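# Working through the structure, step by step
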Amino acid sequence: INNMKRSIFVFVVFSLFVNVVIAQMTDDQVLNYVKSEHAKGTSQEQIANSLVKRGVSRTQLERIKNQQETSDVSDVASSEKSSAAIRRERRTDPDSELEGGDFDIISSEIVPQNAVFGRNIFNARNLTFNPSTNIPTPADYRLGPGDEVIIDVWGASQTSIRQTISPEGSIMVDRLGPIYLNGMTIKDANNYVQKKFSEVYAGIDSEGVSQTSQIKLTLGQIRTIQINIMGEVSVPGTYSLSSLSSVFHALYRAGGVSSIGSLRSIRLYRNDKLLHTLDVYQYIMKGKFNEDIRMTDGDVIQVPTYLSLIDISGNVKRPMFYELKPEEKLSDLIKYAGGFIGDAYTNKVRVTRSTGGENQIFTVNEDEYDTFQLKDKDVVSISPGLELFENRVEITGAVYRSGYYEIGKNINTIKELIAAADGLRGDAFLNRAILTRTKEDYTTEIIPVDIGKLSETTDIKLTKNDVLYIPSVHDLNEYGDFTIHGAVPRPGNYKYAENTTLEDLIVQAGGLLESASTVKVDIARRIIDPKSMTVKNTVSETFSFGLKDGFVVDGEAGFILKPYDAVYVRYSPSYRVQQNVFLSGELLFPGTYALNKKTERLSDVIKRAGNITPDAYLPGARLIRQRSAEEAFRTEMALKMARQGGKDSIAIGTLDMSGAYNIGIELDKALQFPRSDYDLVLREGDRLFIPEYENTVKINGAVMFPNTVTYKQGESLLYYINQAGGYADNAKKRRSFVIYMNGTVSRIKKYDIQAIKPGSEIIIPTKEPSRKITLQEVVSIGTSAVSVATMVTLLLNILNNK
């Protein structure tokens, strides 16, 4: 054994050395492996074991950890650069449809794309700005190489010419030669063609006016132009677009303005000159289409960085970030945000400004909105109005219409407030109402009011936020509910009412059940003595009555109940509901039978069923019983003990939690010895089954061939095991047992000839499978034991700093 241990130790050391020397992983390989396994949900211990087996040392892990901590700082700085590189890599063919949201790769330091007003219009799938081809050609459209023109002549002379403008800018017409159209508008080109055609076609003068022939130039297939989009867009580059495309369509194709791009100063260059500066807000807010200019070949769109982003929050209709021009003021920002909502405090606005040093805060008055200059990263906060009322009072209690009322018009005093609430109810307590008043320093005071003594001279003037409470006489007295228990259809609580009698309460509860006792109805009454100076042992006072036809016969008729009285209607001790048992099998009259008495036994019921038939096999009779509430409680307690655990706790799997269970009876002895312990007392729901004689025996479990064979009297267990091919290799021979037809179970030995009965079933339990550990597993366990202790802590640090 010592030599074997020494060999295993040498093998483990050699394996570790080979792993370190041969299977050494690079730092990148270690980091990628840890990340991939962590994403798969592999446990830290498994990752540590795998790293050790691959030759990763403690020093290497410490080095990787330090590199990760250093690279986290540089990753933040390069995030924007990486985003731009990804955008360039993802740029596809310009003619394909691009989703702006695919290119919004934004660092955590930049405002989210959709939080800036206006940026999302270039990302919406339903707003593409595609030019329509189903409209007449605009009169100011300028022709160029690649455009197809259609010249129709009708009247005295008829012809139709379709020509595409050549790269030199002309079309070729028979008898006329080249006609130069490049750069002309549709209107100018039409006039020019009319002039040229008048030279060869009769009936057309140089002005194109004739009663016999007419000429018309229209645009056919439009050309494709190339434009360049530069600056802060999601996918900058060169795009091929329709010649009818506008600046907004080009921006849409480029994925929209980036997270730092401007919407207010988009520049359009043509022939190296600034043609126009576009403001998207003018298009959004005022619908100005002149901001969306049609482009020509070679145009350049340049999107600079945003001018200044201002955050407005609070009680405005559209709180978000807005880009402002240098000349725009706070009032412009409020207009862009849709204006104030109804409960906004409009007199003052708070502006918070980041200066690079200590921040500043400004309180801007309403008259300064048109002049206050905002700066980049300013935060404008619009506060809600105060939750106070300048003309509100409240009345509650014993009036018909309690609630809030306006003071200052028709309501100024307490009497006027009561009149506005439709007056006092009949249960109003007039001697002392309570007026709660809030003073200027926001403390409250209580003013008692005698409503009955108010007059025009003594009436109290109300102020804002006064609350008048007029109590009800019922509020000043405690009237507890009645309670009724026992044999009534609707037991429970009932509201107190004066002069309620015992009979009245029983009627409210639905009368008496047929199981109710009419000779004993109890009433428990609280003992109330507010002037008592001593402690009493008596808890309640009890009254007992007899009833006849629902009326008191023993005691005072019309007994008046008091608040909190509890009535107990007792059940009659002689009342019993029928209890049934079910008999089946070899009986003369099987079926359902009602028990005649509480102690009725098996022999009694079988006698009432006409006794057993000649074919009945009494040793095989079985009884199924429904679990009672008490038995279910005991089982629940056993389950609770099993869940508590501990060395001696019950295994939960062994508990029978079903609603019914089997009782092993010996019916032959019960009939032979009536009224004995064999003759079981029956109860509600019992089911008795008496089978026919069955002369077979089943063999199940860990045998070679589970089988059913004929019963032979005097044969031992070994005989029946041989009938099933003998024991299986995993058989627990000494744990064999037999189940009888009546549901009882007995242990059985190899040569036992008395235990096996007709209709029984022999069960051979199975051993738990055993597994021997291999040498490879011994080595693996040794390696893990050496490595895990030194690797787990470092691995946790790596995972936490990924």
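Residues numbered from 1 in each chain as written. Predicted model: local features only at pLDDT ≥ 70, side-chain atom pairs only at ≥ 80, totals over all residues. Heavy atoms only, no water.

## So, the pattern of salt bridges
Under the criterion given, the structure shown has 19 salt bridges. For the salt bridge of Asp522 with Lys520, the shortest nitrogen-to-oxygen distance reads 3.4 Å. The closest approach of N and O atoms between Asp686 and Arg625, which form a salt bridge, is 2.7 Å. In this pair, Asp686 is assigned in the loop between helix H13 (667-672) and strand S32 (687-690) and Arg625 in strand S30 (residues 622-626), connecting sequence segments 61 residues apart. (Salt bridge = Lys/Arg side-chain N within 4 Å of Asp/Glu carboxyl O. Helix = DSSP H or I, 4+ residues; strand = E, 2+ residues; numbered from the N terminus.)

## Here's the deal with unusual backbone geometry
Although it is not a glycine, Tyr442 adopts a positive phi angle of roughly 65°. With respect to the helices and strands, Tyr442 occurs in the loop between strand S18 (433-438) and strand S19 (444-449). Residue class for Tyr442 comes out exposed when judged on its relative accessible area of 58%. Even without glycine at this site, Asn465 takes up a positive phi of about 70°. Tracing the sequence through the fold places Asn465 in the loop between S19 and strand S20 (467-470). According to the relative accessible area criterion, Asn465 is partly exposed, its value standing at 23%. (Buried < 20%, exposed > 50% of the residue type's maximum accessible area, 1.4 Å probe, protein only.)

## What about helix H5 (residues 186-197)?
With 12 residues, H5 extends 16 Å from end C-alpha to end C-alpha; this agrees with the ideal 16 Å at 1.5 Å per step. Looking at the buried residues of H5, the elements they touch are strand S1 (148-155), strand S2 (159-164), strand S3 (170-173), strand S4 (177-180) and strand S5 (213-219). (Expected span 1.5 Å × (residues − 1). Contact = heavy atoms within 4.5 Å.)

## Focus on the packing of aromatic side chains
Applying the stated rule across the entire model yields 11 aromatic pairs. Taking 5.2 Å as the distance between ring centres and 70° as the angle between the ring planes, the aromatic pair formed by Phe117 and Tyr281 counts as edge-to-face. Of the two residues, Phe117 sits in the loop between helix H4 (58-90) and S1 while Tyr281 sits in helix H7 (residues 280-286), which places them 164 residues apart along the sequence. Exposure remark for Tyr281: the relative accessible area of 0% places this residue in the buried category. Ring geometry for Phe543 against Phe559: centres 5.1 Å apart, planes inclined by 50°, an arrangement best described as tilted. Of the two residues, Phe543 sits in strand S24 (residues 540-545) while Phe559 sits in the loop between strand S26 (551-552) and strand S27 (566-571), which places them 16 residues apart along the sequence. What makes Phe559 buried here is its relative accessible area of 7%. Taken together, the aromatic side chains of Phe117, Tyr281, Tyr322 and Tyr336 make up a single cluster linked through ring pairs. (Phe/Tyr/Trp six-rings, centres within 6.5 Å; stacked < 30°, edge-to-face > 60°.)

## A word on the pairing of S19
Pairing analysis gives 6 bridges linking S18 to S19, with the strands arranged antiparallel. By the bridge assignment, Thr438 is partnered in S19 with Thr444. (Pairing = 2+ DSSP bridges.)

## A closer look at the sheet that holds strand S14 (residues 360-365)
Spatially, S12-S11-S15-S13-S14 is the arrangement adopted by the 5 strands of the open sheet, whose pairing is mixed. The two strands at the open ends of the sheet, each matched to only one other strand, are strand S12 (320-323) and S14. Taken over all neighbouring pairs, the strand axes of this sheet differ in orientation by 25° on average, direction set aside. Here strand S13 (residues 348-353) runs beside strand S15 (residues 379-382); their pairing, made up of 3 bridges, is antiparallel. Following the sheet pairing, Thr352 is matched in S15 by Val379. (Axes fitted to C-alpha atoms, helices over the stretch in contact; angles between N-to-C directions.)

## Structural notes on the confidence of the model for the protein
Confidence in the prediction of the protein, expressed as mean pLDDT, is 80, and 77% of residues score 70 or more. Within the protein, helix H1 (residues 2-22) has the poorest average pLDDT of any element, 45, and S20 the best, 95. Note that pLDDT drops below 50 for residues 798-802; the model gives that stretch 11 contacts with residues more than four away or on any other chain. (pLDDT = per-residue confidence, 0-100.)

## What about the nonpolar core?
Membership of the largest hydrophobic core comes to 48 residues, with the highest contact counts inside it found for Ile301, Leu330 and Val380. Ranked by the residues each element gives to this core, the list is headed by helix H6 (residues 247-253), at 5 residues. Every residue in contact with Ile301, bar those within four places of it in the chain, is listed here: Asn228, Ile229, Met230, Val247, Ala250, Leu251, Ile266, Arg267, Leu268 and Met295. (Core = buried A, V, L, I, M, F, W, Y, C linked by side-chain atoms within 4.5 Å.)

## Re the environment of Arg392
Its location among the elements puts Arg392 in strand S16 (residues 392-397). With relative accessibility at 24%, the residue Arg392 sits in the partly exposed group. C-alpha separation for the pair Arg392 and Asp466, spaced 74 residues apart in sequence, amounts to 7.6 Å. If we skip the residues at most four places from it in the chain, Arg392 touches Tyr404, Tyr405, Lys464, Asn465 and Asp466.

## Points about a nonpolar patch on the surface
Among the surface-exposed residues, Leu386, Leu388 and Tyr442 lie close enough to one another that they form a single nonpolar patch of about 390 Å² accessible area. Position of Leu386 among the secondary structure elements: in the loop between S15 and S16. Look at Leu386 and you get exposed, because its relative accessible area is 74%. (Patch = residues over 30% accessible without salt bridge, like charges linked within 9 Å, V, L, I, M, F, W, Y side chains within 5 Å. Areas by Shrake-Rupley, 256 points an atom, 1.4 Å probe, with all protein chains shown as cover.)

## Describing the environment of Gly231
Mapped onto the elements, Gly231 comes out in strand S6 (residues 224-231). Taking relative accessible area as the criterion, Gly231 reaches 33% and is therefore assigned partly exposed. Between the C-alpha atoms of Gly231 and Gly261, which are 30 residues apart in sequence, the distance is 7.8 Å. Residues contacting Gly231, with those up to four places away along its chain left out, are Pro236 and Val303.

## Looking at the sheet that holds strand S31 (residues 660-663)
Ordered by their spatial adjacency, 5 strands build an open sheet running S29-S28-S32-S30-S31, and the pairing between neighbours is mixed. Edge positions in the sheet fall to strand S29 (591-594) and S31, since each has one partner strand and no second. Taken pair by pair, the neighbouring strands of this sheet meet at an average axis angle of 25°, ignoring direction. Here strand S28 (residues 580-585) pairs with S29 via 4 bridges, running antiparallel. Across the sheet, Phe582 pairs through a bridge with Thr592, a residue of S29.

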